[in-house]
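Fold and geometry: a report
The lines below spell out each chain.
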Amino acid sequence: AALSFFSQRQRDRVGLATFDHEIVEYVPPSTRHLQRILHTLTRAETGRPGLLRDPLMRLGDNLHNRGIILVISDFYEEPEQVLESIRHLRARGHDVIVFHLLDPAELDFPFESAASFRDMESGRMIPIVPDELAAEYRTLIGEHTEELARLFTGSRIDYTVLDTSKPLDHALFKYLSSREKMGRAR
């Protein structure tokens, strides 16, 4: 919402696509669609399992004007599959930015007591004993984000991990500052 607002204030065309395993809502890029985008965002819900490939392929095929595409996801797919899905947008001439959105608990796994965790997409309950899993989990999430960073950087796709506990303005400022520095370096 914030990026749409700032882009619209600059008179840039802004659009939105929400998706799970298919495109759920689509607001085509326009200088006049900010209210539709905000309304669509307030109605967006989690529910069905999400996969990047099909909706991003379809989106890339339907966007005829080159632009900046921001993909926001938890990226719980294999890194090679994620890259394949997003590289299609880059190959179509778009400047692609990826925000990997993670909750602090997903980054640090601070749990100490045995519990059942509910998969937000499938609703499936997963019993966890944190003592046996915490160190392995932290290693796996670290390797996953490092591999995504390596793959995206190698494909000239901006990649940023965003911790949902951090204020949005700080995260956006940090990203935009680094993007400006990279632009000067290029």
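None of the values given here were measured: they were computed from a predicted structure. (Residues numbered from 1 in each chain as written. Predicted model: local features only at pLDDT ≥ 70, side-chain atom pairs only at ≥ 80, totals over all residues. Heavy atoms only, no water.)

Side note on a nonpolar patch on the surface
Heads up, the condition is: To count toward a patch, a residue needs a relative accessible area above 30% and no salt bridge. Like charges then connect within 9 Å, nonpolar side chains (Val, Leu, Ile, Met, Phe, Trp, Tyr) within 5 Å. Accessible areas in this description were obtained via Shrake-Rupley with a 1.4 Å probe; residue shielding takes into account the shown protein chains only. In what follows, salt bridge is the name for a side-chain nitrogen of Lys or Arg lying within 4 Å of a carboxyl oxygen of Asp or Glu. For the purposes of this entry, the term helix denotes a DSSP run of H or I that reaches at least four residues, the term strand denotes a run of E that reaches at least two, and both are numbered from the N terminus.
Residues L70, I72 and L101 make up a contiguous nonpolar surface patch of roughly 230 Å² in combined accessible area. Structurally, L101 is set in strand 4 (residues 95-102).

What about the environment of I126?
Basically, it comes down to this: Residue burial is assigned from relative accessible area. The probe radius is 1.4 Å, only protein chains are included, and a residue is buried under 20% of its type maximum, exposed over 50%, and partly exposed in between. For this analysis, residues touch if any pair of their heavy atoms sits within 4.5 Å.
On the secondary structure map, I126 appears in strand 6 (residues 125-128). Given the relative accessible area of 27%, I126 is considered partly exposed. When the C-alpha positions of I126 and P104 are compared, they lie 19 Å apart, and in sequence the two are 22 residues distant. The residues touching I126, leaving out its near neighbours within four places in the chain, are A115, S116, F117 and D119.

What about the side chain of S73?
Let me state the cut-off plainly: Any N or O atom pair separated by 3.5 Å or less is treated as a polar contact, with the protein-specific requirement of one donor-capable and one acceptor-capable atom, and with residues adjacent in sequence counted only for side-chain atom pairs.
Here S73 shows up in strand 3 (residues 68-73). Looking at S73, its side chain comes within polar contact range of the main-chain nitrogen of F75, at 3.0 Å. Once you skip the residues sitting within four places of it in the chain, S73 turns out to touch L52, F99, H100 and L101.

Quick word on the sheet that holds strand 3
Where we set the bar: At least two DSSP bridges between two strands are required for those strands to pair. Fitted lines through C-alpha atoms serve as axes, helices being fitted only where they are in contact, and the angles separating the N-to-C directions of these axes extend from 0 to 180 degrees.
On the basis of which strands lie adjacent, the open sheet formed by 3 strands has the order 3-4-7 and parallel pairing. Each edge of the open sheet is held by one strand with a lone partner, namely strand 3 and strand 7 (158-163). Each strand axis lies, on average, 20 degrees off the axis of its neighbour in the sheet, ignoring direction. Here strand 4 pairs with strand 7 via 6 bridges, running parallel. Bridge pairing in strand 7 places I97 opposite D158.

Section: the packing of helix 4 (residues 79-91) against helix 6 (residues 130-154)
To keep things clear, this is the line we draw: In a left-handed crossing the near helix is turned counterclockwise from the far helix by less than a right angle, and in a right-handed crossing that turn is clockwise. Amino acids are sorted into nonpolar (Ala, Val, Leu, Ile, Met, Phe, Trp, Tyr, Cys and Pro), charged (Asp, Glu, Lys and Arg) and polar (every other residue, Gly among them).
Between helix 4 and helix 6, the least distance of the axes is 9 Å, while the angle of their chain directions is 35 degrees. Here the hand of the crossing between helix 4 and helix 6 comes out right-handed. For the pair helix 4 and helix 6, the contacting residues are P79, E80, V82, L83 and I86 in the first and H144, E147, L148, L151 and F152 in the second. In terms of residue class, the contact of helix 4 with helix 6 is built from 7 nonpolar, 1 polar and 2 charged.

A look at the pattern of salt bridges
Following the criterion strictly, the structure yields 5 salt bridges and no others. The salt bridge partner of D54 is R53, with a shortest N-O separation of 3.8 Å. Accessibility expressed as a relative area gives 40% for R53, which makes it partly exposed. Across the pair R53 and E84 runs a salt bridge, and its minimum N-O distance is 3.1 Å. With R53 in helix 3 (residues 53-62) and E84 in helix 4, the pair connects residues that are 31 residues apart, well separated along the chain. For E84, a relative accessible area of 38% translates into the label partly exposed. Taken together, the shared-partner salt bridges in this structure form one network comprising R53, D54 and E84.

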